[in-house]
Amino acid sequence: MSVKRLIMCALLAQIVALPIIALEARHMFMPRETKPAIVSTSAYKVPETVGLGQNSPTTVKLVAQKLSRQKSKETSPSTYERYINKTAMNHGVSPALVKAVIQAESDFRPQAISQKGAIGLMQVMPSTAETVSARHLFNPRYNIQVGVRYLKQLLKTFDGDEKLAVAAYNSGPRKVKKYGGVPPYKETRVYVKRVLSYYRSF
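Structure report, in brief. (Residues numbered from 1 in each chain as written. Predicted model: local features only at pLDDT ≥ 70, side-chain atom pairs only at ≥ 80, totals over all residues. Heavy atoms only, no water.)

Relative to the 22 Å expected for 16 residues at 1.5 Å per residue, helix α9 (residues 186-201) spans 23 Å between its end C-alpha atoms, a close match to the ideal helical length. The inward-facing, buried residues of α9 abut α4 (95-106) and α7 (162-171). (Helix = DSSP H or I, 4+ residues; strand = E, 2+ residues; numbered from the N terminus. Expected span 1.5 Å × (residues − 1). Contact = heavy atoms within 4.5 Å.)

Take a look at the structure:
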């Protein structure tokens, strides 16, 4: 093979390798550029799996697995206390109630994901967040913001009744309205008792 052909082959190999090198440099993960301006996600960057839908079950599971492997130490109330207090007070919700919901929902694990697809500290469903990609719900601050806003909405719906709001957080407001109180579901009743118990302790 001529020297000229060898040089051409080497150059071609480098050109082909460039996209791969670029992807590896970004670890195959990229943050979403479009997100609501009300919460900054820069303090806790959450990856997006390339080639998968933003809210697909596979994407969500891969993100949760990645965060679990990081073995985050951020699993105590004190870690998020300042932000919980600030966000709760901004929305007129008791910080202790927010902490109680987080304790019951995820035990303060930001990478938690339920079998139904609820994500993060306050176990928010992507459908509840509406405009945000599921992967951003692993961001503790964003998750708290969305969860507190939803809790505030439930409190308003049930005229400030914290017990009914907590029940609705678990089973949905329609079920609470249907039964005129805490629905007769074992899961919901146990959940309400747990949250109220944590609430008193906080």
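Glancing now at the packing of α4 against α9. α9 packs onto α4 with a crossing angle of 130 degrees between their chain directions and a minimal axis gap of 8 Å. Here α4 is positioned oblique relative to α9, judged by the angle of their axes. When the axes of α4 and α9 are compared, the crossing they make is right-handed. Touching A96, L97, A100, V101, Q103, A104 and E105 of α4 are Y191, R194, V195, Y198 and Y199, all from α9. In the contact of α4 with α9, the residues fall into nine nonpolar, one polar and two charged. (Axes fitted to C-alpha atoms, helices over the stretch in contact; angles between N-to-C directions. Parallel < 35°, antiparallel > 145°, perpendicular 65-115°, else oblique. Left-handed = near helix turned anticlockwise from the far one by under 90°. Nonpolar A, V, L, I, M, F, W, Y, C, P; charged D, E, K, R; others polar.)

Using the criterion set out here, one finds one salt bridge in the structure. Taking the shortest distance from any N to any O, the salt bridge between E81 and K99 comes out at 3.0 Å. One end of the pair, E81, is in helix α3 (residues 77-90); the other, K99, is in helix α4, with 18 residues separating them in the sequence. The partly exposed category is assigned to E81, whose relative accessible area is 33%. Given the relative accessible area of 9%, K99 is considered buried. (Salt bridge = Lys/Arg side-chain N within 4 Å of Asp/Glu carboxyl O. Buried < 20%, exposed > 50% of the residue type's maximum accessible area, 1.4 Å probe, protein only.)

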